[in-house]
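Secondary and tertiary structure notes
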Amino acid sequence: MNIRIGQGFDVHAFGEGDHVMLGGVRVPHDQGVVAHSDGDVAIHALCDAMLGALALGDIGQHFPPSDARWKGADSRALLRRCNELIGERGWRVGNADITVVCERPKVGPHAPAMRERLAADLGIDLDAVSVKATTSEKLGFTGRGEGIAAQAAVLLVRAERAV
Ligand SMILES: Nc1ccn([C@@H]2O[C@H](COP(=O)(O)O)[C@@H](O)[C@H]2O)c(=O)n1
Ligand SMILES: C[C@@]1(CO)OP(=O)(O)OP(=O)(O)OC[C@H]1O
């Protein structure tokens, strides 16, 4: 088979701070998130989708929260490592589609920069990376502003090998 599908989901609670990292972009906000790494839900969901597509477990298994190496980690480095893991097995991301769920901050204005960073980290075209956002209409934990969530879907395709 030459294609594989994967999906990922991540949540972080809001906490003290003045920004949230989303898709590798520092988004100013009146709160931060509680996390071991930089708490980038968009990237964590994307990593899990990539790992899931090849049944490689999840990011918590590859980068355990109990390991001091990942404390404060730049999630872009985790994404690049996940990209290596699929690349070593002969796969690359064909396209990725991410949805961030929160009432605030507004994600739309930052989506172009997020797409650029994610596409660069994955080594794929900009138009193969989509970032969308929605509120949850004030319902649930995201609606109450208690946290932020993201889900991601990816298609992996066989990487062409240079001979
Ligand atoms: N954190 C968010 C949430 C939403 N958006 C944008 O607003 C649109 C309307 O959101 P609804 O939840 O009311 O459907 C949505 O389609 C996004 O374009 C956003 O930028 N940031
Ligand atoms: C990113 C990692 C790194 O330890 O920790 P967190 O930033 O807490 O994020 P989460 O999505 O809860 O768990 C995955 C971990 O791999």
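Residues numbered from 1 in each chain as written. Chains lettered and ligands numbered in written order. Predicted model: local features only at pLDDT ≥ 70, side-chain atom pairs only at ≥ 80, totals over all residues. Heavy atoms only, no water.

**Points about the environment of Asn83**
Mapped onto the secondary structure, Asn83 falls in helix α3 (residues 75–88). Between the C-alpha atom of Asn83 and that of Asp121, which follows or precedes it by 38 residues, the distance is 8.0 Å. Setting aside anything within four residues of it in sequence, one finds Asn83 in contact with Met50, Val93, Asp121 and Leu122. (Helix = DSSP H or I, 4+ residues; strand = E, 2+ residues; numbered from the N terminus. Contact = heavy atoms within 4.5 Å.)

**Details of the packing of aromatic side chains**
For the structure on display, the rule yields one aromatic pair. Each ring, one from Phe63 and one from Trp70, has its centre 5.0 Å from the other, and the planes form 80 degrees; the classification is edge-to-face. (Phe/Tyr/Trp six-rings, centres within 6.5 Å; stacked < 30°, edge-to-face > 60°.)

**A few points about the pattern of salt bridges**
Counted under the stated rule, the structure contains ten salt bridges. One salt bridge connects Glu88 with Arg89, and the closest N-O pair in it is separated by 3.9 Å. In this structure Glu88 comes out as exposed when scored by relative accessible area, which is 55%. When salt bridges that share partners are traced, they join Arg81, Glu84, Glu88 and Arg89 into one network. (Salt bridge = Lys/Arg side-chain N within 4 Å of Asp/Glu carboxyl O. Buried < 20%, exposed > 50% of the residue type's maximum accessible area, 1.4 Å probe, protein only.)

**Description of the site of ligand 1**
Neighbouring residues of ligand 1: Cys102, Pro105, Lys106, Val107, Gly108, Ala133, Thr134, Thr135 and Glu137. Between ligand 1 and Val107, the relevant distance is 3.0 Å, taken from a nitrogen atom to a main-chain nitrogen or oxygen of the residue. At a separation of 2.8 Å, an oxygen atom of ligand 1 approaches a polar backbone atom of Gly108. For ligand 1, whose free accessible area comes to 460 Å², the fraction covered by protein is 63%. Counted by class, the shell around ligand 1 contains four nonpolar, three polar and two charged residues. (Near = heavy atom within 4 Å. Polar contact = N/O pair within 3.5 Å; in protein donor to acceptor, adjacent residues only side chain to side chain. Areas by Shrake-Rupley, 256 points an atom, 1.4 Å probe, with all protein chains shown as cover. Nonpolar A, V, L, I, M, F, W, Y, C, P; charged D, E, K, R; others polar.)

**Topic: the environment of Ala159**
You can see Ala159 is positioned in the segment after β7 (147–158). Residue Ala159 is classed as partly exposed on the basis of its relative accessible area, which comes to 26%. For the pair Ala159 and Gly87, spaced 72 residues apart in sequence, the C-alpha separation works out to 7.4 Å. If near-sequence neighbours (up to four positions away) are discounted, Ala159 is found in contact with Gly90, Trp91 and Arg92.

Geometric descriptors of this kind do not, in isolation, establish any biological role.
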